[in-house]
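Results of the structural survey
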Amino acid sequence: MLNAMRKNAGSWIIKVLLFVIVLAFVFMGAGSFSAKRASKVATVNGDTITSNQYQQAYYNVLENLRAQFGNRLDDDMIKMFNVKQQAIDGLINTTLLRQAAQKNGLRVPDAELAEAITRIPAFQNNGAFDKQRYKILLGQNRLTPESFETMQKESILMDRLRSLVTKNAKVSDLEIREWYNWENTSVDIAYAAFNPETVKDVEITDQMLDEYYTTHKEKYKTQPQIQARYVKFDPESYRMDAVITDEEIQQYFTEQPDEFILPETVSARHILFKVAKDADDKTVEDARLRAENVMEKAKSGKEDFAELAKTYSEGPSKDTGGQLGAFKKEAMVKPFSDMAFSMVADDISAPVRTQFGWHIIKVEAHNQASTMSLEEASPQITEKLTDRKTKNIAYDAALSLYDITFDGEEFVKNAKDSGLELVTTEFFPIKKGPKGIGNASAFADTAFKLPMMELSDITEIGESYYLTQVINKKPETIPEFNAVKEEVIKDTKRAQQRIATEEAAKKFLEKSKAAGSITAAAEEDTSITIKTTGQMSRNGAVPGIGNDKRLMAAAFKLTESNKLPENVVEAETGLYVIELRKRKLPLAQGLSIAKDDIYDRILSKKQSALYSSWVTNLRDNSDITISEEFINN
């Protein structure tokens, strides 16, 4: 069956869907484990990891990070995430797991593998495996059927191995109850907030400024900046050169028939009488009678339906006379669509009940499914082909300049000789990019990777192509004190305000401990206001304050025997002295509802910990050698 799938594959692309599939196998690489001829990076119990495998794994990790961080991913982040180590560790673990699967006699028959692949939604059309879609989807992602099948087989093996390792994980009723209580307990606290910004009388001396600047110099370090020049190839500039022939229009119309199918639609107005989902029978019936009354007015022909909608409708389309425009059947809730699509133009329906209430529908047009003629489709085909052709012309123009520019010094001359505008930027940092470019950060990302005076590859940014050259660089520097004096003054003031606020909060906490509560301590200091939160759950926001995980965590550490914290709470939203007023356990009845979900979460957590521990132990007891050349590279 696999051979048949390979022979019969090829169609249009759903690249994004396949990316999701491929991403799951970050460390496995495309067709990775057959490249025996490549140089050795490591050995795992005698099995070789090649440089080709490592390069593919490194690329996959990098692409995963790019998908998460986009243009924010820079060299510093790559170092921080230690991509090199991630890639080699992933390959070592994958090799160990494959060896363990073989040792335990685990295998995946071809028939089972084929069935698993045919169930992947990316390869299906209308719920069935599409042979024509299979190979091209893989090809667009630099995969062959053989390499993808290897990845799929290993994925199935890994799932089977994980199940074998974690099958003894158990969850007790006590664990479920403790999790339920922990997750659903609520607390009510009283608190006094201390805001540094309210401290006004702060003395700032020259010595303070000097000390702050000396200690925090790195804070004022400027970003590296570069100056670049570029030629932009905007497809719109070549629009007059893009000639679309009748033959091209005909060919596109013939090859893309699905684009010109017009689905069945209905154009309608409606009048809505709102009814809540949980309304009682009397409320539902009262609304239905009101709807019937208005329906009779509409059917009499004496009053305009649109005017009736403006008068009686309770829906958002009231002001436009209930106008819904043209819609496909799946665009509306089922009872509404079923009625509307059973009607003809000028029909007015009886009241129809949906989750929103009662509707009276008037169909203004019922458009049957049809296919556009070549004449009707020509304008949109022309527009699409013109867009495509202008991009090709723009790219070809960029390629022409690129091909004749063998040296960075030739860029200016060749651009001028070709009649192209050469733009020189101001100095700019990587996080901002230069002015006048739509996606400046993407331009900066490209430019900062270039050596001085080297011409970039053709880069697509937004809808245009660019050739770029860096002509000047400014390294990061720590400015002299006078250059950042105003900023240092502000920062020093904030630091002194913080110190004063911390001292005030500490003194108040000590008073509270002596007095037995923050309320009693506040009676001696009228400048301090005590507020309460009411009962709040662990995963919610703090009433009156907002989302503050540190404050929430501190509140749930308080107990009946220790109602005050040991120290002032340094939270995300400020400094606080807090006190427990009441801790409330959840209702026991709720456990029966949440039990299955909690069981699944605890089991998953235990299985992950068990599997991770098993892999660590497997690695510790294996013979793993990483080549010196790789380590030192």
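Small disclaimer: the values here were computed from a predicted structure and weren't measured.

Procedures and definitions
Residues numbered from 1 in each chain as written. Predicted model: local features only at pLDDT ≥ 70, side-chain atom pairs only at ≥ 80, totals over all residues. Heavy atoms only, no water. Helix = DSSP H or I, 4+ residues; strand = E, 2+ residues; numbered from the N terminus. Rg over C-alpha atoms; globule rule 2.2 N^0.38 Å. Buried < 20%, exposed > 50% of the residue type's maximum accessible area, 1.4 Å probe, protein only. Contact = heavy atoms within 4.5 Å. Areas by Shrake-Rupley, 256 points an atom, 1.4 Å probe, with all protein chains shown as cover. Lys, Arg positive; Asp, Glu negative; His and termini not counted. Charge placed at Lys NZ, Arg CZ, Asp CG, Glu CD. Phe/Tyr/Trp six-rings, centres within 6.5 Å; stacked < 30°, edge-to-face > 60°. Lys NZ or Arg CZ within 6 Å of the ring centre and 35° of its normal. Axes fitted to C-alpha atoms, helices over the stretch in contact; angles between N-to-C directions. Parallel < 35°, antiparallel > 145°, perpendicular 65-115°, else oblique. Salt bridge = Lys/Arg side-chain N within 4 Å of Asp/Glu carboxyl O. Pairing = 2+ DSSP bridges. Arc of directions from axis to C-beta. Nonpolar A, V, L, I, M, F, W, Y, C, P; charged D, E, K, R; others polar.

**What to know about the overall build of the protein chain**
Within the protein chain, the secondary structure is distributed over 22 helices and 21 strands. By the compact-globule yardstick of 26 Å for 633 residues, the protein chain is too spread out, its C-alpha radius of gyration being 34 Å. Over its C-alpha atoms, taken along the principal directions, the protein chain stretches across nearly 90 × 80 × 65 Å. For the protein chain, with 633 residues in total, the buried portion stands at 39%. For the protein chain, restricting intrachain contacts to residue pairs at least 6 apart in sequence, the fraction spanning at least 24 positions comes to 73%. Carbon and sulfur atoms provide 49% of the accessible area of the protein chain, an area that totals close to 36,900 Å². When the 83 positive and 94 negative side-chain charges of the protein chain are each reduced to one mean point, those points stand 5 Å apart.

**Concerning the packing of aromatic side chains**
With the rule as written, the count across this model stands at 22 aromatic pairs. Ring geometry for Phe69 and Phe81: centres 5.4 Å apart, planes at 40°, overall tilted. A residue pair is termed long-range when its members are at least 10 positions apart, and Phe69 in helix α3 (residues 51-69) and Phe81 in the loop between α4 (75-80) and α5 (83-103) qualify at 12 residues. Put simply, the rings of Tyr230, Phe428, Phe443, Phe448 and Tyr466 touch in pairs and so form one group of aromatic residues. Directly above the ring of Phe630 sits Lys84, whose terminal nitrogen or CZ lies 4.6 Å from the centroid. A cation over an aromatic ring shows up here: Arg538 above the ring of Trp182, its NZ or CZ 3.9 Å from the ring centre.

**Considering the packing of α5 against helix α21 (residues 590-620)**
The contact between α5 and α21 brings their axes to 10 Å, and the two run at 90°. In terms of orientation, α5 and α21 fall into the roughly perpendicular class. Contacts between α5 and α21 involve Asp89, Ile92, Asn93, Leu96, Leu97 and Ala100 on the former and, on the latter, Tyr611, Trp614, Val615, Leu618 and Arg619.

**Points about the pattern of salt bridges**
The final tally for this structure, using the stated rule, is 35 salt bridges. Measuring nitrogen to oxygen at the nearest pair gives 2.7 Å for the salt bridge that ties Arg66 to Glu63. Pair noted here: Arg66 and Glu63 are both in helix α3, with a separation of 3 residues, about one helical turn. In this structure Arg66 comes out as partly exposed when scored by relative accessible area, which is 35%. Between Asp338 and Lys329 there is a salt bridge, with its nearest N and O atoms 3.8 Å apart. A relative accessible area of 40% means that Lys329 is categorised as partly exposed. Salt bridges here are not isolated pairs; linked through shared partners, they connect Glu236, Arg239, Glu383 and Asp387.

**Considerations on unusual backbone geometry**
Phi is positive for Asn45, which is not a glycine, with a value near 50°. Counting through the fold element by element, Asn45 comes out in the loop between β1 (40-44) and β2 (47-50). Its identity is not glycine, yet Asp346 carries a phi of approximately 80°, on the positive side. Relative to the elements of secondary structure, Asp346 occurs in the loop between α14 (334-340) and β10 (352-354).

**So, the pairing of strand β11 (residues 357-367)**
For strand β8 (residues 265-274) and β11, the ladder comprises 10 bridges, and the chain directions are antiparallel. Each bridged residue has a counterpart across the sheet, and for Leu272 the counterpart in β11 is His359. Relative to β11, β10 runs antiparallel, the two sharing 3 bridges. Bridged to Arg353 within β11 is Trp358. The turn linking β10 back onto β11 is made up of 2 residues.

**A look at helix α10 (residues 206-215)**
Regarding α10, the residues found buried are Leu209, Tyr212 and Tyr213. Burial along α10 is one-sided: seen end-on, the buried residues are contained in an arc of 95°. Exposed and facing more than 90 degrees away from the buried side of α10 are Gln207 and Thr215. Structurally, α10 contributes buried residues whose contacts are with α18 (485-515).

**Some details on the packing of α5 against helix α8 (residues 145-166)**
Packing of α5 against α8 brings their axes to within 10 Å, and their N-to-C directions diverge by 70°. Relative to α8, the element α5 lies roughly perpendicular. Each of Thr94, Leu97, Arg98, Ala100 and Ala101 in α5 lies in contact with α8, whose residues at this interface are Glu154, Leu157, Met158 and Leu161. Class assignment of the residues belonging to the contact of α5 with α8 gives a composition of 6 nonpolar, 1 polar and 2 charged.

**Things to note about the sheet that holds β2**
Reading across from one edge, β2-β1-β21 is the order of the 3 strands in this open sheet, with antiparallel pairing throughout. Every other strand in the sheet has two partners, leaving β2 and β21 (624-626) as the edge strands with one partner each. For this sheet, the mean inter-axis angle between neighbouring strands, taken without regard to orientation, is 20°. Where β1 lies against β21, 3 bridges are found, and the strand directions are antiparallel. Looking across to β21, one finds that Val44 is bridged to Ile624.

**As for the sheet that holds β8**
Within the open sheet, the 4 strands sit side by side as β9-β8-β11-β10. Their pairing is antiparallel. Lying at the two open borders of the sheet, with one neighbouring strand each, are β9 (323-328) and β10. Strand-to-strand twist in this sheet, taken as the mean axis angle between neighbours without regard to direction, amounts to 45°. Running at roughly 40° to β11, helix α12 (residues 281-300) makes contact with β8, β10 and β11 of the sheet. Sheet contacts for helix α13 (residues 305-312): β8 and β11; angle to β8, the most-contacted strand, approximately 35°.

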